[in-house]
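The lines below spell out each chain.
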Amino acid sequence: MKNCRIIDFKKIGNSDVGFLIALEGNREVPFNIKRIYYIYNVPKEIKRGFHTHKRLEQVLICMNGSVKIKVDDGNEKKIIELNDPSKGLYIGPGVWREMYDFNQNLVLLVLASEYYDESDYIRDYEEFMKYKNNKKNKSIKDVFIHDKAIVDSRSIGAGTKVWGFTHILPDAEIGENCNICEHVFIENDVKIGNNVTIKCGVYIWDGVFIEDDVFVGPCVTFINDIHPRSKMYPETFERTFIKKGSSLGANSTIMGGITIGSYSTIGAGSVVLKNVKNYEIVVGNPAKPIGYNCQCGAKLKKRNNIYKCKCGKSYKIIDSILKSIF
Ligand code: T46
């Protein structure tokens, strides 16, 4: 189901010494964690939930005991039992949820992307269905669509251009002022921010998330299944994050499950297998760092531990991360 999936966390340790699981925002947990809460001591006969959120993203982790969760995205319903602290249930916006069969020992930890906000809830099922249908039937305004493009999605922001022989599937979400060139294919579980350029010949598969101001060069290849086999599908596809302001050079290949840092540059033809840091320039196969660039794209020069750009911006490495200082 789009916007709802199980995440398997990496366990450190073994049954002799016990296990440790470390979760970091924007890594194992696919958002910045702003709030944590937990639910416990719930009598077995109680049912909770019965709502959706319009913007909130959550990961639910059953730390002890068990609980059943019915999820419903308006098209498809699923029942998921949570009973293992090494698994998280990701629930994105627009998914109705009902929780029941609480085991008395249950401790349900919830990691949330936003502070508590009652106006983000829809607590009435009919209203939820209306909300989902409105989204589906939304007319797209101020978008240029070439008459040889096939655009099934209704979530396309104003000012965006979609050129010929491009196909966008119905659940893809695309921001404002993007340029999506010819011969591009965009699957369903894809989000693209504002001011993004997608050059010709790019296929953007389920699980690829592209932030604002990103440049995707011609024929960039994304991968979302690390062990592909014909007619065999993973339970969930790898999730790849392309952060704000980064540029992916022509013909580069981006391995699934990694994060390309903000304002980084991927050299043309590179094969990127690992996370790339903010502002880093990586090239080659496998891609390796060769320096840093500025937000404006120019290569930075290092003098006395300060990285300077001809545009006037300066950067410094603080805790092994390059940061803008003025
Ligand atoms: C979900 C499941 C897993 C707050 O004041 N602050 C908070 O951060 C939260 C989460 C709730 N509240 C208040 C609002 C309500 O008056 O606590 C009361 C119960 O909250 P809610 O109706 O959201 O509780 P549940 O157990 O039905 O659902 C909660 C989450 O809110 C929900 O998003 O997915 O846990």
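Preceding block: the structure.
These numbers come from a predicted model, not from an experiment. (Residues numbered from 1 in each chain as written. Predicted model: local features only at pLDDT ≥ 70, side-chain atom pairs only at ≥ 80, totals over all residues. Heavy atoms only, no water.)

Novice: Looking at this model, I keep getting lost on the side chain of Asp225. Mind explaining?
Specialist: Take Asp225: it is sitting in the loop between β26 (221-222) and β27 (240-242). Among buried charged residues, Asp225 stands out as having no salt bridge; its nearest opposite-charge side chain is Arg229, 8.6 Å away. Of note is the side chain of Asp225, whose polar atom sits 3.2 Å from the backbone nitrogen of His227. The contact partners of Asp225, leaving out residues within four places of it in the chain, are Met232, Pro234 and Phe237. (Helix = DSSP H or I, 4+ residues; strand = E, 2+ residues; numbered from the N terminus. Buried < 20%, exposed > 50% of the residue type's maximum accessible area, 1.4 Å probe, protein only. Lys, Arg positive; Asp, Glu negative; His and termini not counted. Salt bridge = Lys/Arg side-chain N within 4 Å of Asp/Glu carboxyl O. Polar contact = N/O pair within 3.5 Å; in protein donor to acceptor, adjacent residues only side chain to side chain. Contact = heavy atoms within 4.5 Å.)

Novice: Can you help me understand the environment of Ile6 in this one?
Specialist: Summarising the element assignment, Ile6 is placed in strand β1 (residues 4-8). With 85 residues separating them in the primary sequence, Ile6 and Ile91 have C-alpha atoms 9.0 Å apart. Those residues in contact with Ile6 that lie beyond four places of it in its chain are Ile80, Leu82, Lys87, Gly88, Leu89 and Thr236.

Novice: Looking at this structure, I do not really get the pattern of salt bridges. What am I missing?
Specialist: Two side chains with opposite charge may pair up if their charged atoms get near one another. As enumerated under the stated definition, the model contains 12 salt bridges in all. A salt bridge links Glu118 to Arg123; the nearest nitrogen and oxygen atoms lie 2.8 Å apart. With a closest N to O distance of 2.9 Å, Lys243 and Glu211 form a salt bridge. Here Glu211 lies in the loop between β24 (208-210) and β25 (215-216) and Lys243 lies in the loop between β27 and β28 (247-248), a separation of 32 residues in the sequence. Judged by its relative accessible area of 15%, Lys243 falls in the buried class. Overlapping salt bridges, with partners in common, bring together Lys44, Lys68 and Asp101 in one network.

Novice: I tried to follow the pairing of strand β6 (residues 58-64) on my own but got confused; where do I start?
Specialist: β6 sits mainly inside the fold: five of its seven residues count as buried. Sheet analysis places β6 next to strand β9 (residues 87-91), joined by four bridges and oriented antiparallel. Each residue of the ladder has a partner; that of Ile61, found in β9, is Gly88. Relative to strand β11 (residues 107-112), β6 runs antiparallel, the two sharing six bridges. Bridge pairing in β11 links Leu60 to Val110. (Pairing = 2+ DSSP bridges.)

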